[in-house]
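# What the coordinates show
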Amino acid sequence: MAHRFTVSELEHRKLIHNGSMYTRHSTSSTLGNITWRCDQRDIKCPGKATTSSKDVLLCTPEHNHQPDWGRCGATEAVAQMTATASTSRATSAFVQGAIARVSIEVSVKLPKTSFLKRKV
Ligand SMILES: [Zn+2]
């Protein structure tokens, strides 16, 4: 399964792989490899991933929970809305349109519309 990157609500880079999201944990000073930690910290997930300096995934981590593509999709949708809305004046209409385009699985994980309007 391919991995990809997005940005969090705080605009930190996040790694998405197999329905889990990771936040950057540390960077190796010698190889430039990046260690990512699963963002499910509240359930103490031990999942960790490593990517090389060229963004190649080097290991497949194990998690103590099921993949949650809805959550990943919601984070990506918010990142996309934020990126696009920053160049758009019709924010409200844009957010509504973007919400209409995401799947139901994703939409239940999205923040409330009022939150998105405030953010974008
Ligand atoms: Zn995990």
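What counts and what doesn't
- Residues numbered from 1 in each chain as written.
- Predicted model: local features only at pLDDT ≥ 70, side-chain atom pairs only at ≥ 80, totals over all residues.
- Helix = DSSP H or I, 4+ residues; strand = E, 2+ residues; numbered from the N terminus.
- Expected span 1.5 Å × (residues − 1).
- Buried ≥ 20, exposed ≤ 12 C-beta atoms within 10 Å, placed from the backbone.
- Contact = placed C-beta atoms within 7 Å.
- Pairing = 2+ DSSP bridges.
- Axes fitted to C-alpha atoms, helices over the stretch in contact; angles between N-to-C directions.
- Core = buried A, V, L, I, M, F, W, Y, C linked by C-beta atoms within 7 Å.

## Remarks on helix H1 (residues 69–85)
Here H1 spans 23 Å end to end across 17 residues, near enough to the 24 Å set by a 1.5 Å rise per residue. Within H1, burial applies to Arg71, Cys72, Gly73, Thr75, Ala77, Val78 and Met81.

## Quick look at the environment of leucine 15
By the secondary structure assignment, leucine 15 is in strand E2 (residues 13–17). Taking the C-alpha atoms as reference, leucine 15 lies 8.8 Å from alanine 49; in sequence the two are 34 residues apart. Apart from the residues lying within four places of it in its own chain, the contact partners of leucine 15 are His3, Phe5, Met21, Tyr22, Trp36, Ala49 and Thr51.

## Focus: the pairing of strand E5 (residues 48–51)
The two faces of E5 differ: Ala49 and Thr51 on one face are buried, but Lys48 and Thr50 on the other face are not. Of the strand pairs in this sheet, strand E4 (residues 34–38) and E5 are connected by four bridges, and their pairing is antiparallel. The partner of threonine 35 across the bridge, within E5, is threonine 50.

## Looking at the sheet that holds strand E3 (residues 20–27)
The antiparallel open sheet is built from five strands, whose spatial order is E1-E2-E3-E4-E5. Each edge of the sheet is formed by a strand with only one pairing partner; in this case those strands are strand E1 (3–7) and E5. On average, each strand axis in the sheet is tilted by 35° relative to the strand beside it, whichever way the strands run. Packing of H1 onto the sheet brings it into contact with E1, E2 and E3, and relative to E1 it is tilted by some 50°.

## Observations concerning the nonpolar core
Inside soluble globular proteins, nonpolar side chains tend to come together where they are buried. Ranked by size, the top nonpolar core spans eight residues in total: Leu15, Met21, Tyr22, Ile34, Trp36, Cys38, Ala49 and Cys72. Per-element accounting of this core gives the leading share, three residues, to E4. When sequence neighbours within four positions are dropped, the list of residues in contact with tryptophan 36 reads Leu15, Tyr22, Thr23, Arg24, His25, Lys48, Ala49 and Thr51.

## Structural notes on the environment of threonine 35
Along the polypeptide, threonine 35 turns up in strand E4. Apart from residues no more than four positions distant in its own chain, threonine 35 is found in contact with His25, Ser26, Lys48 and Thr50.

## Considering the pairing of E2
Across five bridges, E1 lies against E2 in antiparallel orientation. Looking at the pairing, phenylalanine 5 lines up with leucine 15 of E2. The loop that links E1 with its antiparallel partner E2 comprises five residues; one of these, glutamate 11, has a positive phi angle of about 65°. Across four bridges, the pairing between E2 and E3 is antiparallel. Within E3, the residue paired with isoleucine 16 across the bridge is methionine 21. Counting the residues that bridge the hairpin from E2 to E3 gives two residues, and of these asparagine 18 lies at a positive phi of roughly 50°.

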